[in-house]
Amino acid sequence: MNKITIIGGGNLGKSIISGLGNSDLFEAKHITVVDKSEHNLTEVKEKLGVSTSQHIIEAISDVKWVILCVQPRQLDAVLEEIKEELIADQILISTVTGTSIAEINEVVPKNKVIRVMPNTGASKKLSMTCISANEDVKEELVFVQKMFDTIGKTLIIEERLMQAATVLGASGIAFFLRFLRAMIQGGIQMGFHPHEAQIIAVQTAMGAATLVAKNGTHPEREIDKVTTPQGCTIEGLNEMEHQGLSSSVIKGVMASYEKINTIK
Ligand SMILES: NC(=O)C1=CN([C@@H]2O[C@H](COP(=O)(O)OP(=O)(O)OC[C@H]3O[C@@H](n4cnc5c(N)ncnc54)[C@H](O)[C@@H]3O)[C@@H](O)[C@H]2O)C=CC1
Ligand SMILES: O=C(O)[C@@H]1CCC=N1
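Please read these numbers as outputs of a predicted model, since none were measured by experiment.

Some points on helix H1 (residues 11-20)
Part 1 of the reasoning: With nine of ten residues buried, H1 lies mostly within the body of the structure.
Part 2 of the reasoning: Residues of H1 that are buried make contact with strand S1 (4-7), strand S2 (31-34), helix H2 (38-48), strand S4 (65-68) and helix H6 (139-149).

Concerning the domain arrangement of the chain
Part 1 of the reasoning: You can read the domains of the chain as domain 1 (4-157) and domain 2 (165-260).
Part 2 of the reasoning: A straight line from the C-alpha centre of domain 1 to that of domain 2 covers 32 Å.
Part 3 of the reasoning: With eight residues of domain 1 at the contact, the number on the domain 2 side is six residues.
Part 4 of the reasoning: Here domain 1 packs against domain 2, burying approximately 510 Å² in sum over the two surfaces, 74% of which is carbon and sulfur.
Part 5 of the reasoning: Contact with domain 2 buries area across many residues of domain 1, yet Thr-97, Met-117 and Asn-119 alone supply 59% of it, more than any other trio.
Part 6 of the reasoning: The tally of links from domain 1 across to domain 2 stands at zero salt bridges.
Part 7 of the reasoning: Between the two partners, domain 1 and domain 2, sit one residue pair in polar contact (both at pLDDT 80 or more).
Part 8 of the reasoning: When the residues that make up the side of domain 1 that touches domain 2 are grouped by side-chain class, the tally is four nonpolar, four polar and no charged.

Concerning the site of ligand 1
Part 1 of the reasoning: Around ligand 1 there are 23 residues in total, and Leu-12, Asp-35, Val-70, Gln-71 and Thr-97 lie nearest to it.
Part 2 of the reasoning: Leu-12 is positioned such that a nitrogen or oxygen atom in its backbone is 2.8 Å from an oxygen atom of ligand 1.
Part 3 of the reasoning: Thr-95 places a side-chain nitrogen or oxygen 3.3 Å from an oxygen atom of ligand 1.
Part 4 of the reasoning: Burial of ligand 1 by the protein amounts to 83% of the accessible area it has alone, namely 830 Å².

The rules behind these values
- Residues numbered from 1 in each chain as written.
- Chains lettered and ligands numbered in written order.
- Predicted model: local features only at pLDDT ≥ 70, side-chain atom pairs only at ≥ 80, totals over all residues.
- Heavy atoms only, no water.
- Buried < 20%, exposed > 50% of the residue type's maximum accessible area, 1.4 Å probe, protein only.
- Helix = DSSP H or I, 4+ residues; strand = E, 2+ residues; numbered from the N terminus.
- Contact = heavy atoms within 4.5 Å.
- Domains from an automatic or database assignment.
- Buried area = accessible area lost by both parts, 1.4 Å probe.
- Salt bridge = Lys/Arg side-chain N within 4 Å of Asp/Glu carboxyl O.
- Polar contact = N/O pair within 3.5 Å; in protein donor to acceptor, adjacent residues only side chain to side chain.
- Nonpolar A, V, L, I, M, F, W, Y, C, P; charged D, E, K, R; others polar.
- Near = heavy atom within 4 Å.
- Areas by Shrake-Rupley, 256 points an atom, 1.4 Å probe, with all protein chains shown as cover.

Next comes the structure, spelled out in structure tokens:
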């Protein structure tokens, strides 16, 4: 019987739980969410049918897997609270941005730690989850990958790339959504009602991503199929580039990357 406890039922915690709660690996009743916020606990209990607790020690006592899903500045307090209670074969799965496996192992040296970087797409089983672990964590890594495979796509990466994975895959949700919002705003200016503009822009974004995902092509190849010579698409694309679209996206990604290296 697989049992898992998630410490932190906030934005990401809820997304992971709603994906995992419907998977074959865990029954909802064997997932426990710990949070300081009663509001969060009531929400996950009512919506997702998982067990909840405000007491970390009690909640981790008989589980093999513990997901750490708190903000970086909240992690030290959580590790301090659990370090004497953890037994050696309990596995920590950390989603915490900017904190390395070695830093966690400094506080809890007996426990294996696997770092994961999912995104909020997890709630719709569309997460992109990058995973890394030390060389000696093989069997557990297989299970954790299987766990996150149930809520989207996974990729095992070197830990040195975890910050980049966070920017591209986790913050990336926000970056794509800001572009989507701009498309919707453009649609409204051309005359659509906001809800119509949203339907069109969202479906078009899904079409664009799916073309690249299913065809395995480079985006520019799919762009070529849309751009009629002297047509309206190339006019729009070139104006976006004159205004710095690619440059501003790359600069934004790099600003995010610079920031992430200062977090903690
Ligand atoms: N939100 C996102 O899209 C992503 C977040 N992350 C990372 O995941 C972690 C969690 O992020 P969010 O869910 O966005 O944060 P959040 O602030 O929404 O959730 C954190 C939760 O932890 C709870 N908490 C804090 N200290 C606690 C304690 N001592 N005991 C019990 N509960 C406690 C808080 O009440 C809160 O509900 C962060 O490290 C973040 O950087 C990673 C990828 C994506
Ligand atoms: O904004 C943040 O710092 C976290 C990491 C990725 C998503 N949220």
